[in-house]
Amino acid sequence: MEAQKYVWEGAIPLQIHLHESDVTTHPPPPPALILAPRLGYLPLLAPLIKPHFSATLPPGVDTIWFEYKGLPLKWYIPTGVLFDLLCAEPERPWNLTVHFRGYPGNLLTPCEGEDSVKWSFINSLKEAAYIINGNCKNVMNMSQSDQVELWDFVMNGNLEGYLRVSSKLKLGTVEDEYAGLYSSKSRHGSGEKDLAGQVKTG
């Protein structure tokens, strides 16, 4: 529980540079410095970033996306996971580039703001439930109010609230599954035997 709490409260310092193709002023604007929640998502930082760069953006519709060392970042992966995957030697702060134009639709699925991120999260929850339970009925049957609450708790880093609502989904953990498996084997011997008398691998 303590480790889980540590992750939920974790944040990553970001130094965000505006891509040169979006700069219309001289000199270019300084980078934006932001403390991003590990459990958050990069597109949800737009309200903090846009005011910093708005005076220099070219005309057009905002389609925010991020890159790291030339690699467009998948918006539906939590910020902490992206950081852990891409920074073998963690940078402090993590230097990212933000774009407001030229969305790479051939590389990234469209993101239409918070709703896109929320539904991506819910779909990931369904996938997790299916892997753990063999079906995703509990997630599919969540009330609208529970969905909203769960999402709000994730966005606000409220672990206690999240655990309260998610407990209704009856999602075990991998450790729980293996603990049950091993305790069952210890009660019933080391494993089942096949026709040749060999112990079968579980």
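Provided above is the structure to which this section pertains.
The model shown is predicted, which means the values in this text are computed figures rather than measured ones.

## Observations regarding the overall build of the chain
Stage number 1. Secondary structure assignment for the chain yields 8 helices and 5 strands.
Stage number 2. Taken across its 202 residues, the chain has 32% of its residues classed as buried.
Stage number 3. Taking all contacts inside the chain whose residues are at least 6 apart in sequence as the whole, residues at least 24 apart take part in 67%.
Stage number 4. With the model as given, the accessible surface of the chain reaches about 12700 Å², and the carbon-plus-sulfur share is 56%.

## Some thoughts on unusual backbone geometry
Stage number 1. In this structure, the amide linkage connecting His26 to the following residue, Pro27, adopts the cis form with an omega of 0°.
Stage number 2. Topologically, Pro27 is positioned in the loop between β1 (11-18) and β2 (32-37).
Stage number 3. In this structure, Pro93 follows Arg92 across a cis peptide bond, with omega equal to -5°.
Stage number 4. Tracing the chain through its elements places Pro93 in the loop between α3 (79-86) and β5 (94-99).

## Describing a negative patch on the surface
Stage number 1. A contiguous patch of negative charge, built from Glu112, Glu114, Asp115 and Asp152, is present on the exposed surface.
Stage number 2. When you line up the elements, Asp115 lands in helix α4 (residues 114-133).
Stage number 3. The exposure class of Asp115 is exposed, given its relative accessible area of 52%.

## Observations regarding the pairing of β5
Stage number 1. Here β5 lies mainly inside the structure; 5 of its 6 residues are buried.
Stage number 2. Examined bridge by bridge, β1 and β5 share 5 bridges and lie parallel to one another. Directly across from His17, in β5, lies its bridge partner Thr97.
Stage number 3. Bridge count between strand β3 (residues 65-68) and β5: 3 bridges; the pairing is antiparallel. Across the sheet, residue Phe66 finds its bridge partner in β5, namely Val98.

## Quick notes on the packing of helix α6 (residues 144-155) against helix α7 (residues 159-166)
Stage number 1. Orientation of α6 relative to α7, taken along the N-to-C sense of each, is 150°, at an axis distance of 8 Å. Compared by their axis directions, α6 and α7 come out roughly antiparallel. The element α6 and its partner α7 pack so that their crossing is left-handed. For the pair α6 and α7, contact is made by Asp146, Glu149, Leu150, Phe153 and Val154 and by Gly161, Tyr162, Arg164, Val165 and Ser166, respectively.
Stage number 2. Across the contact of α6 with α7, the residue classes tally to 5 nonpolar, 2 polar and 3 charged.

## Some thoughts on the pattern of salt bridges
Stage number 1. Enumeration over the complete set of coordinates arrives at 6 salt bridges.
Stage number 2. For Glu9, the salt bridge goes to Lys5, with nearest N and O atoms at 2.7 Å.
Stage number 3. The exposed category is assigned to Glu9, whose relative accessible area is 55%.
Stage number 4. Salt-bridge contacts for Arg101 lead to Asp62; the nearest nitrogen and oxygen are separated by 2.7 Å. Of the two residues, Arg101 sits in the loop between β5 and α4 while Asp62 sits in the loop between α2 (46-53) and β3, which places them 39 residues apart along the sequence.
Stage number 5. Accessibility expressed as a relative area gives 15% for Arg101, which makes it buried.
Stage number 6. When its relative accessible area of 33% is taken as the criterion, Asp62 is described as partly exposed.
Stage number 7. Overlapping salt bridges bring together Lys50, Asp62 and Arg101 as one network.

## Focus: the sheet that holds β2
Stage number 1. Strand order in the open sheet formed by 5 strands is β2-β1-β5-β3-β4, with mixed pairing between adjacent strands. Unpaired on one side and paired on the other, β2 and β4 (71-72) mark the two borders of the sheet.

## Things to note about a nonpolar patch on the surface
Stage number 1. Together, Leu71, Val81, Leu85 and Leu86 give the surface a local cluster of nonpolar side chains, amounting to about 340 Å² of exposed area.
Stage number 2. Ranked by residues supplied to the nonpolar patch, first place goes to α3 with 3 residues.
Stage number 3. Position of Leu86 relative to the elements: it lies in helix α3.
Stage number 4. Take Leu86: its relative accessible area is 30%, and that puts it in the partly exposed class.

What counts as what
Residues numbered from 1 in each chain as written. Predicted model: local features only at pLDDT ≥ 70, side-chain atom pairs only at ≥ 80, totals over all residues. Heavy atoms only, no water. Helix = DSSP H or I, 4+ residues; strand = E, 2+ residues; numbered from the N terminus. Buried < 20%, exposed > 50% of the residue type's maximum accessible area, 1.4 Å probe, protein only. Contact = heavy atoms within 4.5 Å. Areas by Shrake-Rupley, 256 points an atom, 1.4 Å probe, with all protein chains shown as cover. Patch = residues over 30% accessible without salt bridge, like charges linked within 9 Å, V, L, I, M, F, W, Y side chains within 5 Å. Salt bridge = Lys/Arg side-chain N within 4 Å of Asp/Glu carboxyl O. Lys, Arg positive; Asp, Glu negative; His and termini not counted. Charge placed at Lys NZ, Arg CZ, Asp CG, Glu CD. Pairing = 2+ DSSP bridges. Axes fitted to C-alpha atoms, helices over the stretch in contact; angles between N-to-C directions. Parallel < 35°, antiparallel > 145°, perpendicular 65-115°, else oblique. Left-handed = near helix turned anticlockwise from the far one by under 90°. Nonpolar A, V, L, I, M, F, W, Y, C, P; charged D, E, K, R; others polar.

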